[in-house]
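# Reading the structure
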Amino acid sequence: TPIRALRTSRRRASPSPPLNVSLVLDRSTSMRGEKMDIVKSTAIQVLRNLRPQDLLSVVTFSDRAEVIIPASYHQDKGRLEAKIQMIQPSGATEIYQGLEAGVKEVMRSVDGKRINHVILLTDGHTYGDEQQCLALASKLAERGIGISEMGIGQEWNDIFLDVLSTRTGGSSAYIAHPQDIKSL
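Per-chain numbering applies: the sequence of each chain, read as written, is numbered from 1 onward. Side-chain atom pairs in this predicted model are given and counted only at pLDDT of 80 or more, local residue features only at pLDDT of at least 70, and totals for whole chains, interfaces and linings cover all residues. Only heavy atoms go into the side-chain values, all of them from the structure, while hydrogens and water stay out.

## Focus: the overall build of the chain
In this text, helices come from DSSP runs of H or I with a minimum length of four residues, and strands from runs of E with a minimum of two, each type numbered from the N-terminal end. Scanning the chain from N- to C-terminus turns up seven helices and six strands. The buried share of the chain, taken over its 184 residues, is 46%. Long-range contacts, defined as pairs at least 24 residues apart, comprise 75% of the intrachain contacts of the chain with a sequence gap of at least 6. Summed over its atoms, the accessible surface of the chain is roughly 9600 Å², and 50% of this surface lies on carbon and sulfur atoms. Classification of residues uses two cut-offs on accessible area relative to the type maximum, computed with a 1.4 Å probe and protein chains only: under 20% is buried, over 50% is exposed, and between them is partly exposed. In what follows, residue pairs with any heavy atoms lying within 4.5 Å of each other are defined as contacts. Only the protein chains shown count as cover for residues, with accessible areas throughout obtained via the Shrake-Rupley method and a probe of 1.4 Å.

## Points about helix H2 (residues 34-48)
In a regular helix each residue adds 1.5 Å, so 15 residues correspond to 21 Å; H2 covers 21 Å between its end C-alpha atoms and thus fits that length. Among the 15 residues that make up H2, 11 are buried, leaving the element largely enclosed by the rest of the structure. Of the positions making up H2, those classed as buried are Lys-35, Met-36, Ile-38, Val-39, Lys-40, Thr-42, Ala-43, Ile-44, Gln-45, Val-46 and Leu-47. Helices are assigned an expected span. That span is 1.5 Å times one less than the residue count.

## Details of the pairing of strand E3 (residues 65-72)
One bridge is not enough; two strands pair if DSSP finds at least two bridges between them. Relative to E3, strand E2 (residues 55-61) runs antiparallel, the two being bridged by five bridges. Note that in E3 the partner of Thr-60 across the bridge is Glu-66. Where E2 hands over to E3, the hairpin turn is made up of three residues, counted between the paired strands.

## Details of the packing of H2 against helix H3 (residues 77-85)
Where helices are involved, their axes are fitted lines through C-alpha atoms of the stretch in contact, as for all axes, and angles between N-to-C directions lie from 0 to 180°. It is at 10 Å that the axes of H2 and H3 come closest, and there the two elements cross at 165°. One way to sum up the angle between H2 and H3 is to call them roughly antiparallel. The hand of the H2/H3 crossing is right-handed. Across the interface between the two elements, Lys-40, Ala-43, Ile-44, Leu-47 and Arg-48 from H2 touch Lys-77, Leu-80, Glu-81, Ile-84 and Gln-85 from H3. Oblique is the label for any angle not under 35 degrees, not over 145, and not in the 65 to 115 range, which are roughly parallel, roughly antiparallel and roughly perpendicular in turn. For any pair of crossing helices, the crossing counts as left-handed if the nearer helix is rotated counterclockwise from the farther one by less than a right angle, and right-handed if it is rotated clockwise.

## Looking at the sheet that holds strand E6 (residues 172-175)
Spatial strand order, E3-E2-E1-E4-E5-E6: six strands in an open sheet with mixed pairing. Looking at the sheet topology across the chains shown, the edges are occupied by E3 and E6. The average angle at which neighbouring strand axes cross in this sheet is 15°, direction not considered. Across seven bridges, strand E1 (residues 19-26) lies against E2 in parallel orientation. Looking at the pairing, Asn-20 lines up with Leu-55 of E2. Running at roughly 170° to E1, H2 makes contact with E1, E2, strand E4 (115-122), strand E5 (146-152) and E6 of the sheet.

And the structure:
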């Protein structure tokens with residue numbers, strides 16, 4: 001039957017390649033309240049959907065970046081969820097600081113057989129480092145590493161984030177609800 005053939009062809013479809021992803025989370029003061037809740041929930045959704053062969057790192061940034069979960073295979077997801085839940089907003093916003101730290105985590109395990117990608121969750125408001133971000137994106141494009149942005153909040157800077165992601169072949173999208181991450 002056609003339905004049986006469709007099910008069989010789905011099972012034969014090759015699985016998606018393993019991931020090497022760094023989540024770069026904006027924790028600046030502009031992310032207070034609901035925006036921070038969405039960032040945390042979205043990061044936890046990503047963590048819960050990892051497969052055993054996937055690598056994940058999590059970086060937070062404001063005017064400085066901090067690696068809160070180094071790139072590795074993650075077995076104890078409950079402990080890592082607790083680390084994400086403890087993120088508190090503070091400081092100014094310098095996206096470049098976060099991107100640079102996220103890229104370093106991806107570069108630790110960069111592999112042509114993996115999807116090597118940085119995912120930035122932010123409202124997109126940064127202070128004076130736009131050109132540095134764009135230059136970094138151009139370098140990443142040469143290495144086959146993508147950047148995708150997920151805009152949080154009603155006033156997200158979609159113009160800057162679209163240009164940034166386009167440089168690497170990534171994408172940008174608005175996240176209204178944490179479950180949106182699955183479709184993206």
